[in-house]
Amino acid sequence: MTRKLFGTDGVRGRANTYPMTAETALKLGAAAGRFFRRDKSPGHRVVIGKDTRLSGYMIENALTAGFTSTGMNVLLLGPVPTPAVGMLTHSMRADVGVMISASHNEATDNGIKFFGPDGFKLSDTAEAEIERLVFSDIQPAQAENIGRAKRIDDGRSRYVERVKGTFPTGMTLEGLKVVVDCANGAAYKAAPEVLWELGAEVISIGVDPNGFNINDGVGSTKPQAAAEKIKEVGADVGICLDGDADRVMLIDENGVVADGDQIMALFAARWADEGKLKGHTLAATVMSNLGLERYLASRSILLHRTPVGDRYVVEAMRRYGLNLGGEQSGHIVMTDYATTGDGLIAGVQFLAEMVRTGKRASELAKNFETVPQLLKNVRYGADQTPLEMDPVKQAIADAEARLEGAGRLLIRKSGTEPLIRVMAECEDEGLLHNVVGDVVAAVEDVV
């Protein structure tokens, strides 16, 4: 079956436009409810969290109707980070967890992500079966078996305690001035609470959500606001989260941004030295910089590359028994602590390293020299298939030939937006810009 709904991270799109409509959300809830309540016994439950988008109310209510129609009891968490949903799905013994969020996308988008009873994101196989059910006749529950819905008021506080529990016993953040950018998103309360309760002096930005301003000029994809605030207040470090707080960018005292590759390099080296890095291997996607690969090799650490998407990283980690992985974009997955990328836990672990070593953020956030890398995006229409067009195929072949032995080229469709992503790495920056420009131009010509 060709997947029509699910991308690399659940279902995503513009709110009130297919597939992110109330009707589709209701069907998804009913399909997932039927999938996880196949034995039709009572007592099945789902936890649902969301970020701060206005459309979250609509989708939350539609999902609730769908789940309860198949006999699932719904536990509503309200605004919480994505990793909190994974954690609470498992700890509350739920059959399934749902996060309503479009992550780093603008406020007019939204998305639906599913977690299994173990707190991990669903496999491709499970998503495909739920999608099949969406387009079939879903058997509703008998009238006496319709599910109930209940608000859970302390979901955020349970998550806050979990994050604080990952910080080493006996340590405190006393004396550290930390800027935290919550992107006007799901962690707007939880992140400042965690840092303050651990003893830091906290300067918060992006903590005034209004339903429309999530990721608007703030957050991990727009760290400039946090960098400016760090310099303005003389902070020691900045933690930049995205809209659902499963990504992080760290900013040093000089306003310099460290991406996921640099953060993973720090943690991998530290854990390897302590004998904590399972398999002596880091899992990261094909997007991670060649400089990271070279750095790990110099420390005799293996790099296992995966397709783009944090759940593919997690699948590889589980398959090979690894405990550290992530993405250049800031998903840092530490399965000793969480079942999915957790930007706040990653930030807290970086702060712990600052306290343990007594080093400044700038000394910890730059671990290797990056190979010049260029990424450009081209938006295309819903009915277009630019990568199948002959002029684009020829441009890609020509670019690969020019880069042979000198770099690498990666062309892919985004799994979360209608974008063609064109990325290349090469020591020769002139060649780098030329090959990326040529491929981008070819895609633009056909769309």
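Residues numbered from 1 in each chain as written. Predicted model: local features only at pLDDT ≥ 70, side-chain atom pairs only at ≥ 80, totals over all residues. Heavy atoms only, no water.

Visitor: Describe in detail the overall build of the protein, supporting the description with residues and values.
Guide: For the protein, the count of helices and strands is 14 helices and 19 strands. Projected onto the principal axes, the alpha-carbon positions of the protein cover approximately 65 × 60 × 40 Å. The buried share of the protein, reckoned over its 447 residues, is 58%. Within the protein, residue pairs in contact and separated by at least 24 positions form 71% of the contacts whose partners lie at least 6 positions apart. Here the protein has roughly 18100 Å² of accessible surface; of this, 48% comes from carbon and sulfur atoms. (Helix = DSSP H or I, 4+ residues; strand = E, 2+ residues; numbered from the N terminus. Buried < 20%, exposed > 50% of the residue type's maximum accessible area, 1.4 Å probe, protein only. Contact = heavy atoms within 4.5 Å. Areas by Shrake-Rupley, 256 points an atom, 1.4 Å probe, with all protein chains shown as cover.)

Visitor: Residue-level account of the nonpolar core, with values.
Guide: With 70 residues, the main nonpolar core has Leu195, Ile239, Phe267, Met334, Phe350 and Leu351 as its most contacted residues. The biggest single contributor to this core is helix H8 (residues 260-274), with 9 residues. Beyond its immediate stretch of four places on either side in the chain, Leu195 contacts Leu173, Val178, Val180, Ala200, Val202, Ile239, Val348 and Leu351. Judged by nonpolar contacts, the second largest core, of 29 residues, contains Leu5, Ala31, Ile112 and Val134. (Core = buried A, V, L, I, M, F, W, Y, C linked by side-chain atoms within 4.5 Å.)

Visitor: Requested: an account of unusual backbone geometry, with residues and values cited.
Guide: Glycine aside, negative phi is the norm for most residues, and most peptide bonds take the trans geometry. The omega torsion across Tyr18 and Pro19 is 10°, close enough to zero to call that bond cis. Within the element layout of this structure, Pro19 appears in the loop between strand S2 (10-14) and helix H1 (22-36). Positioned with a positive phi, Asn16 is a non-glycine residue whose angle comes to about 70°. Tracing the chain through its elements places Asn16 in the loop between S2 and H1. Overall, Asn16 belongs to the exposed group, its relative accessible area being 56%. Positive phi values are uncommon outside glycine, yet His280 reaches one of about 50°. Tracing the chain through its elements places His280 in the loop between H8 and strand S13 (281-285).

Visitor: I'd like to hear about the sheet that holds strand S15 (residues 324-326), residue by residue, with values.
Guide: In space, the 4 strands of this open sheet follow the order S14-S13-S15-S16, with mixed pairing throughout. Looking at which strands have only one partner, the edges of the open sheet turn out to be strand S14 (302-306) and strand S16 (332-334). Across this sheet, the average inter-strand angle for adjacent strands is 20°, counted without regard to direction. Summarising the sheet, S13 and S14 pair through 5 bridges and their orientation is parallel. Looking at the pairing, Ala284 lines up with Arg305 of S14. (Pairing = 2+ DSSP bridges. Axes fitted to C-alpha atoms, helices over the stretch in contact; angles between N-to-C directions.)

Visitor: Quick rundown of the sheet that holds strand S1 (residues 6-7)? Include the residues and the values.
Guide: Strand order in this open sheet of 7 strands is S1-S2-S6-S5-S3-S4-S7, and the pairing throughout is mixed. At either end of the open sheet lies a strand with only one pairing partner, and these are S1 and strand S7 (149-151). Direction of pairing for strand S5 (residues 96-100) relative to strand S6 (residues 109-115): antiparallel, over a ladder of 4 bridges. Looking at the pairing, Gly97 lines up with Phe115 of S6. The strands touched by helix H3 (residues 82-91) are strand S3 (45-50), strand S4 (73-79), S5 and S6; relative to S5, the strand with the most contacts, the crossing angle is about 165°.

Visitor: Report on the packing of H3 against helix H5 (residues 155-164), specifying residues and quantitative values.
Guide: At a minimum axis separation of 10 Å, H3 and H5 run at an interaxial angle of 95°. Here H3 lies roughly perpendicular to H5, going by the angle between them. Contacts between H3 and H5 pair Pro83, Ala84, Met87 and Leu88 from the former with Gly155, Arg158, Tyr159 and Arg162 from the latter. Taken together, the residues that form the contact of H3 with H5 break down as 5 nonpolar, 1 polar and 2 charged. (Parallel < 35°, antiparallel > 145°, perpendicular 65-115°, else oblique. Nonpolar A, V, L, I, M, F, W, Y, C, P; charged D, E, K, R; others polar.)

Visitor: Tell me what's going on with the environment of Leu77, and back it up with residues and numbers.
Guide: Along the chain, Leu77 turns up in strand S4. In this structure the C-alpha to C-alpha distance between Leu77 and Ala128, which are 51 residues apart in sequence, comes to 26 Å. Beyond its immediate sequence surroundings of up to four residues, Leu77 is in contact with Val47, Ile48, Gly49, Val85, Leu88 and Ile152.

Visitor: Can you explain the packing of aromatic side chains? Please cite residues and give values.
Guide: In the structure shown here, the tally under the stated rule is 3 aromatic pairs. With a centroid separation of 6.1 Å and an interplanar angle of 50°, the aromatic rings of Phe6 and Phe114 are classed as tilted. Residue Phe6 is found in strand S1, and its partner Phe114 is found in strand S6; the two are separated by 108 residues along the sequence. Here Phe6 falls in the buried class, since its relative accessible area comes to 6%. Residues Tyr295 and Phe368 carry aromatic rings whose centres are separated by 6.2 Å and whose planes lie at 35° to one another, so their mutual orientation is tilted. Remark: Phe368 occurs in the loop between helix H12 (361-364) and strand S17 (373-379) and Tyr295 occurs in helix H9 (residues 290-298); sequence separation between them is 73 residues. Positioned over the ring face of Phe135 is Lys4, at 5.2 Å from the centre of the ring. Cation over ring: Arg318 sits above Phe120, and NZ or CZ is 3.7 Å from the ring centre. (Phe/Tyr/Trp six-rings, centres within 6.5 Å; stacked < 30°, edge-to-face > 60°. Lys NZ or Arg CZ within 6 Å of the ring centre and 35° of its normal.)

Visitor: I'd like to hear about the side chain of Lys50, residue by residue, with values.
Guide: Within the element layout of this structure, Lys50 appears in strand S3. Leaving out residues up to four positions away in the same chain, Lys50 has contacts with Gly56, Tyr57, Glu60, Gly78, Pro79, Val80, Met99, Ile100 and Ala186.

Visitor: Can you tell me about the pattern of salt bridges, naming the residues and giving the values?
Guide: For the coordinates displayed, the defined rule picks out 33 salt bridges. For Asp310, the salt bridge identified is with Lys121, shortest N-O distance 3.1 Å. You can see Asp310 sitting in helix H10 (residues 310-320) and its partner Lys121 sitting in the loop between S6 and helix H4 (124-134), a full 189 residues away along the chain. The exposure classification of Asp310 matches that of Lys121, with both residues buried. A salt bridge links Arg311 to Asp124; the nearest nitrogen and oxygen atoms lie 2.5 Å apart. (Salt bridge = Lys/Arg side-chain N within 4 Å of Asp/Glu carboxyl O.)

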